[in-house]
Amino acid sequence: MKAIVYHRYGSPDVVSLAEVPKPVPKDNEVLIRIYASTVTTGDWRARSLDLPAGFGFMGRLVFGVFGPRQPILGTELAGEIEAVGRAVTRFKTGDQVFAFPGGKYGGHAEYRTMPEDGMIALKPANLSFEEAAALSFGGTTALAFLRDLAGIKAGDKVLVVGASGGVGTAAVQIARSFGAIVTGVTSTSNLELVRSIGADNVIDYTKEDFSQSGDSWDIILDTTGTAPFARSERVLKPGGRLLVVLGSLAQAMGIGRPAKASGKTVIAAVPKITVEHMQFLAKLAEAGRFKPVIDRGYPLENAAEAHAYVDTGRKRGNVVLTVRQVAAKVEGRPRAMARN
Ligand SMILES: NC(=O)c1ccc[n+]([C@@H]2O[C@H](COP(=O)([O-])OP(=O)(O)OC[C@H]3O[C@@H](n4cnc5c(N)ncnc54)[C@H](OP(=O)(O)O)[C@@H]3O)[C@@H](O)[C@H]2O)c1
């Protein structure tokens, strides 16, 4: 099968198209024919080893000390089940699914096997394969931080810093779906996008400093590393939570966290993600309350170009790789996609 592989860390040109063996599902696995995947900041980090301050050594241990252990990137994907192992009961051939191998990667290929009880769920019928492929990386991160770690509830005021990115566009929509009042911080050219996905208010960080705005929030979710506690403290309400999606090792270790007496909390984490998060997002998508934002699409073989765009740090939502173009009838809005 065709796959995009890399054998050394570095710039986007370390990834290239190759022919690799097609995987065979074990008894408890399904074989997914992949139609779409994404290039995320997770792919960028694993490819470049450009990691948040303090995580360099740990990164090599995770991704491979002398070179990448998993040569095929791709944290999330959507496609169709082509075959199932003999013990599989939850899925059948022909099911349209999305999957989130996450840190196990392997989505930038024509096929991937997944355990049936792993990170795989039925594709929402109203999403294209490209949109379904982009459900998980930003969506599960935003959901886990907002719901599991911050306990978001209706009426909360939420500030999303980095509202136009992969995690940010999901966070704005998910926070809204919980009934929160959402302000998105973004640059001038993305203000309209952030409004269009449901933000009640927007702040243009090139013109205004959110920490001087006079407003205050119950939850601040920072995907950019630009809203540390020292800057956010005064605009966090009593009991407020700062969610550090992008932070240094020092922050993860608790250095610089407020004293308990302050009543404010800093939560820096890589949250645990389960298939329940994916199923929750699928239901939200089916209800029309979450739709992944697609910025650009590239054919699989142009993956290096997609990586170069993601490397700019300026993508809007998600960058999709089309692995196999199929005619997909999306419920509620027929949509033509070219054939291979
Ligand atoms: N902790 C975890 O478990 C976890 C999980 C997933 C991702 N992450 C990390 O989260 C980070 C964000 O990921 P992502 O996929 O959302 O990245 P992304 O899609 O590249 O988005 C980054 C966004 O940040 C915006 N931005 C840059 N500087 C800004 C500023 N000063 N104020 C407001 N917005 C600013 C950019 O918008 P403009 O062009 O408008 O500036 C861009 O849209 C990455 O570093 C990733 O490694 C962590």
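This is a predicted model, so every value here is computed, not measured.

What follows concerns the domain arrangement of the protein. How big an interface is tends to be stated in terms of the accessible area lost upon association of its parts. According to the domain assignment, the protein consists of domain 1 (2–135 + 292–322) and domain 2 (139–268). One C-alpha centre belongs to domain 1, the other to domain 2, and the line joining them spans 27 Å. Contacts between the two partners involve 14 residues from domain 1, matched on the other side by 17 residues from domain 2. With both sides pooled, the region where domain 1 packs onto domain 2 buries about 1,100 Å², and carbon together with sulfur makes up 54% of that total. For the pair domain 1 and domain 2, the interface holds six residue pairs in polar contact (both at pLDDT 80 or more). Looking at the side of domain 1 that touches domain 2 residue by residue, the classes come out as seven nonpolar, three polar and four charged.

This part covers empty space enclosed by the protein. Overall, the coordinates contain one cavity of 30 Å³ or more when judged by the stated rule. The space that makes up the largest cavity amounts to roughly 40 Å³. Residue lining of the largest cavity: Ala134, Leu135, Gly138, Gly139, Gly166, Thr169, Ala170, Gln173, Phe290, Pro292, Val293 and Asn318, and that is the complete set. Mapped onto the lining of the largest cavity, the elements with two or more residues apiece are helix H4 (136–149) and helix H5 (166–177).

Here we come to the sheet that holds strand E13 (residues 265–268). Spatially, E10-E9-E8-E11-E12-E13 is the arrangement adopted by the six strands of the open sheet, whose pairing is parallel. Edge positions in the sheet fall to strand E10 (201–204) and E13, since each has one partner strand and no second. Shown here is a sheet whose adjacent strand axes are inclined to one another by a mean of 15°, direction ignored. Alignment of strand E8 (residues 157–161) against strand E9 (residues 181–186), held across five bridges, turns out to be parallel. Across the sheet, valine 158 pairs through a bridge with valine 182, a residue of E9. Along the sheet, H5 makes contact with E8, E9 and strand E11 (217–222), crossing E8 at roughly 170°.

All right, on to the site of the ligand then. Every one of the 27 residues lining the ligand counts as a neighbour, but Arg45, Ser187, Tyr205, Arg314 and Lys315 are closest to it. Residue glycine 162 places a main-chain N or O atom 3.5 Å away from a nitrogen atom belonging to the ligand. With respect to the ligand, the side chain of lysine 315 contributes an N or O atom lying 2.7 Å from an oxygen atom. Per-element tally for the shell around the ligand: the top contributor is H4, with three residues. Looking at the shell around the ligand residue by residue, the class counts come to 11 nonpolar, 13 polar and three charged. When residues of the shell around the ligand are assigned to domains, at least three fall in each of domain 1 (2–135 + 292–322) and domain 2 (139–268).

The nonpolar side chains of a soluble globular protein tend to be buried, and buried together. Counting 82 residues, the largest nonpolar core has Ile32 and Leu146 as its most contacted members. Shared between two domains, this core takes at least three residues from each, and those domains are domain 1 (2–135 + 292–322) and domain 2 (139–268). With residues near it in sequence (within four places) discarded, isoleucine 32 still touches Leu77, Gly79, Glu80, Ile81, Val97, Ala99, Glu110, Tyr111, Arg112, Met114 and Ile120. Counting residues in each nonpolar core, the second largest holds 15 residues, with Leu159, Ile203, Trp217 and Ala227 among its members.

Each value, and the rule that gives it
- Residues numbered from 1 in each chain as written.
- Predicted model: local features only at pLDDT ≥ 70, side-chain atom pairs only at ≥ 80, totals over all residues.
- Heavy atoms only, no water.
- Domains from an automatic or database assignment.
- Contact = heavy atoms within 4.5 Å.
- Buried area = accessible area lost by both parts, 1.4 Å probe.
- Polar contact = N/O pair within 3.5 Å; in protein donor to acceptor, adjacent residues only side chain to side chain.
- Nonpolar A, V, L, I, M, F, W, Y, C, P; charged D, E, K, R; others polar.
- 1 Å grid on protein atoms, 1.4 Å probe; cavity = no way out; pocket = protein on both sides within 12 Å on 5 of 7 lines; lining within 4 Å.
- Points joined across faces, edges and corners; volume = space filled by probe spheres on them.
- Helix = DSSP H or I, 4+ residues; strand = E, 2+ residues; numbered from the N terminus.
- Pairing = 2+ DSSP bridges.
- Axes fitted to C-alpha atoms, helices over the stretch in contact; angles between N-to-C directions.
- Near = heavy atom within 4 Å.
- Core = buried A, V, L, I, M, F, W, Y, C linked by side-chain atoms within 4.5 Å.
- Buried < 20%, exposed > 50% of the residue type's maximum accessible area, 1.4 Å probe, protein only.

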